[in-house]
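# Reading the structure
Spelled out, the chains give:
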Amino acid sequence: MIKGTPAGKGTGCHVTLGVSAGISIYKSCDLVRRLIERGCDVKVVMTAHATRMIGPVTFQALSRNPVITSLFEGSGDPTIAHIELAKWEDLLLVAPATANVLAKFARGVADDFLSTHYLASTSPVLLAPAMNGNMWRHPATRENLDILKARGHKILSPGEGSLACGDVDEGRLPEPAAIADEALALLSPSAQKGNLAGKRVLVTAGPTREPLDAVRFLTNRSSGKMGYAMAAAAANRGADVTVISGPVALSPPVGVRTIRVETAAEMGTALGGEFPQCDILVMAAAVADYKPAAASAGKRKKDGTEWMVQLQENKDLVQAVGKLKKPGQFICGFAAETDLLHENARAKLKKKNMDLIAANDVSREDVGFDSDRNELVLFWPDGREEALPPAAKRVCAEAVWDRIVESLHE
Ligand code: PMT
């Protein structure tokens with residue numbers, strides 16, 4: 001038996017999929033699968049007419065999330081469910097989007113859950129219309145599309161082919177894989193820019209392990225997701241990327257060279273070898289600040305006494321390479337804080353000679369360590385700071401890369 005990927009693991013991008021009543025609704029079932037394959041967590045909202053064509057249970061089983069079918073059904077407070085969903089989502093995708101949904105969105109008519117949610121949503125919007133060719137070309141539909149485009153929404157042009165009415169015409173819903181790819185591209189628009197082409201990027205990711213004896217070690221809760229997201233985003237932008245990774249359960253991002261290490265000392269050695277050749281270093285690894293002063297060679301046996309472990313400070317890796325930084329090299333660090341986030345992050349930025357630091361609150365369960373999402377505050381040496389909105393780590397990574405690229409041009 002092959003176990004499936006749990007919904008929401010991977011990129012951690014939250015997608016609301018609005019489904020309205022077009023005959024191509026059968027493709028929306030496959031679209032849910034395609035989005036999940038790409039690491040998205042999907043919540044489906046169906047219009048009342050859509051539920052006459054396919055039962056919500058199908059979408060519930062595929063998305064592994066409850067399906068919303070009306071303003072007054074489902075769990076939670078019905079008066080704010082559309083607001084809660086708007087806070088959760090990173091992208092609102094409607095496929096198929098009927099002429100009626102386009103008209104309601106364009107004119108701000110809020111008479112069901114999907115159209116009310118649209119008004120509450122601040123996320124990017126991707127619409128995949130599908131309808132009869134005459135309906136698609138009707139001046140009313142064209143006007144509505146112009147309004148939606150002017151609002152910055154992305155409209156996927158329907159394809160040509162045989163339609164449910166028997167005509168061969170334009171109006172077909174694009175293939176689910178193509179819609180899913182557009183969705184991910186919209187979640188990370190800068191990924192398409194290739195604006196790191198020619199740059200050598202070095203990323204450290206994950207925890208380190210500091211041995212106590214042959215079988216025990218000290219470590220921390222880092223999963224490597226933030227560092228791997230930074231690496232994947234840089235590779236998508238055309239950079240030549242190397243990751244120095246502590247022990248994690250993740251597959252390396254496609255096209256990225258990976259150096260695996262265990263201890264902080266090993267990470268330091270790898271960093272020393274790679275740093276001189278890189279243009280940009282991203283220190284997302286949670287390097288252990290302390291290691292046992294002495295590790296037993298074999299497995300320590302229980303002998304009825306207390307085991308007193310003395311810890312000694314590890315070398316600060318980024319501080320050490322920061323001293324060797326050549327003009328043109330850029331260092332972005334991360335700061336893992338539980339209190340006084342602003343003060344501590346600023347102090348680290350200065351002490352470690354970084355060009356940018358991204359601070360996260362690691363006392364929270366919903367972001368930071370091991371979560372698919374993060375909430376970062378960025379600090380620059382000139383005193384600027386910027387709080388990024390909470391988002392999937394992959395989306396946070398794109399935002400950090402956008403700022404790094406801007407900083408390189410300054
Ligand atoms: O891996 P995830 O589960 O996705 O979690 C992501 C994360 C919380 C680990 C990541 O977002 C993060 O905050 N990484 C930095 C963790 C950390 O070690 O923070 P720090 O504040 O202790 O260190 C500040 C900087 O110094 C970091 O860039 C760190 O890599 C570096 N450092 C720290 C100690 C040390 N001995 N050498 C270092 O180079």
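Reference entry: report on the structure contained in this document.

Analysis parameters
- Residues numbered from 1 in each chain as written.
- Predicted model: local features only at pLDDT ≥ 70, side-chain atom pairs only at ≥ 80, totals over all residues.
- Heavy atoms only, no water.
- Disulfide = S-S within 2.5 Å.
- Near = heavy atom within 4 Å.
- Polar contact = N/O pair within 3.5 Å; in protein donor to acceptor, adjacent residues only side chain to side chain.
- Areas by Shrake-Rupley, 256 points an atom, 1.4 Å probe, with all protein chains shown as cover.
- 1 Å grid on protein atoms, 1.4 Å probe; cavity = no way out; pocket = protein on both sides within 12 Å on 5 of 7 lines; lining within 4 Å.
- Sits in = over half its atoms within 2 Å of the grid points.
- Helix = DSSP H or I, 4+ residues; strand = E, 2+ residues; numbered from the N terminus.
- Pairing = 2+ DSSP bridges.
- Axes fitted to C-alpha atoms, helices over the stretch in contact; angles between N-to-C directions.
- Contact = heavy atoms within 4.5 Å.
- Buried < 20%, exposed > 50% of the residue type's maximum accessible area, 1.4 Å probe, protein only.
- Lys, Arg positive; Asp, Glu negative; His and termini not counted.
- Salt bridge = Lys/Arg side-chain N within 4 Å of Asp/Glu carboxyl O.
- Expected span 1.5 Å × (residues − 1).
- Points joined across faces, edges and corners; volume = space filled by probe spheres on them.

### Some remarks on the state of the cysteines
Inspection of the entire model under this criterion finds zero disulfides. Cysteine Cys-29 is unpaired, with the sulfur of Cys-40 as its nearest cysteine sulfur at 17 Å. A disulfide-free cysteine, Cys-396 has its sulfur positioned 9.5 Å from the sulfur of Cys-13, the nearest such atom.

### A closer look at the site of the ligand
As a structural note, the neighbourhood of the ligand is formed by 30 residues, with Ser-222, Ser-223, Lys-348, Asn-360 and Asp-370 the closest of them. In this structure, an oxygen atom belonging to the ligand sits 2.6 Å away from a side-chain N or O atom of Ser-222. At 3.1 Å from an oxygen atom of the ligand is found a main-chain nitrogen or oxygen belonging to Ala-336. For the ligand, whose unbound accessible area comes to 770 Å², protein coverage reaches 97%. Of the pockets mapped on this structure, the ligand occupies the largest pocket. Broken down by secondary-structure element, the contributors of at least two residues to the shell around the ligand are helix 10 (225-236), helix 12 (317-322) and strand 16 (330-337).

### Section: the sheet that holds strand 20 (residues 385-387)
In space, the eight strands of this open sheet follow the order 12-11-8-13-16-17-19-20, with mixed pairing throughout. Each edge of the sheet is formed by a strand with only one pairing partner; in this case those strands are strand 12 (257-260) and strand 20. Mean inter-strand twist for the sheet, computed between neighbouring axes without regard to direction, equals 15 degrees. Looking at chain direction, strand 17 (residues 356-361) and strand 19 (residues 376-379) are connected through four bridges and run antiparallel. When the sheet's bridge partners are listed, Ala-358 is paired in strand 19 with Leu-378. Where helix 11 (residues 264-274) meets the sheet, its contacts fall on strand 8 (200-205), strand 11 (240-245), strand 12 and strand 13 (280-283), and the angle it forms with strand 11 comes to roughly 160 degrees. Packing of helix 13 (residues 341-351) onto the sheet brings it into contact with strand 16, strand 17, strand 19 and strand 20, and relative to strand 17 it is tilted by some 150 degrees.

### Description of the side chain of Lys-393
Tracing the sequence through the fold places Lys-393 in helix 14 (residues 393-409). Within the buried core, Lys-393 has no salt-bridge partner, and the shortest N-O distance to an opposite charge, that of Asp-370, equals 6.7 Å. A distance of 2.8 Å separates the side chain of Lys-393 from the backbone oxygen of Ser-371, its partner in a polar contact.

### Regarding helix 14
The first and last C-alpha atoms of helix 14 sit 24 Å apart over 17 residues, in line with the 24 Å expected at 1.5 Å per residue. Within helix 14, 13 of the 17 residues are buried, leaving the element largely enclosed by the surrounding structure.

### Some points on the layout of surface pockets
Estimates place the volume of the largest pocket at around 960 Å³. In terms of lining residues, the largest pocket is bounded by 42 residues, among which Ala-285, Ala-286, Val-287, Asp-289 and Ala-336 are the most central. Residue assignment for the lining of the largest pocket shows that the elements contributing at least two residues are helix 10, helix 12, strand 16, helix 13 and strand 17. Of all the elements, strand 16 adds the most residues to the lining of the largest pocket, at four residues.

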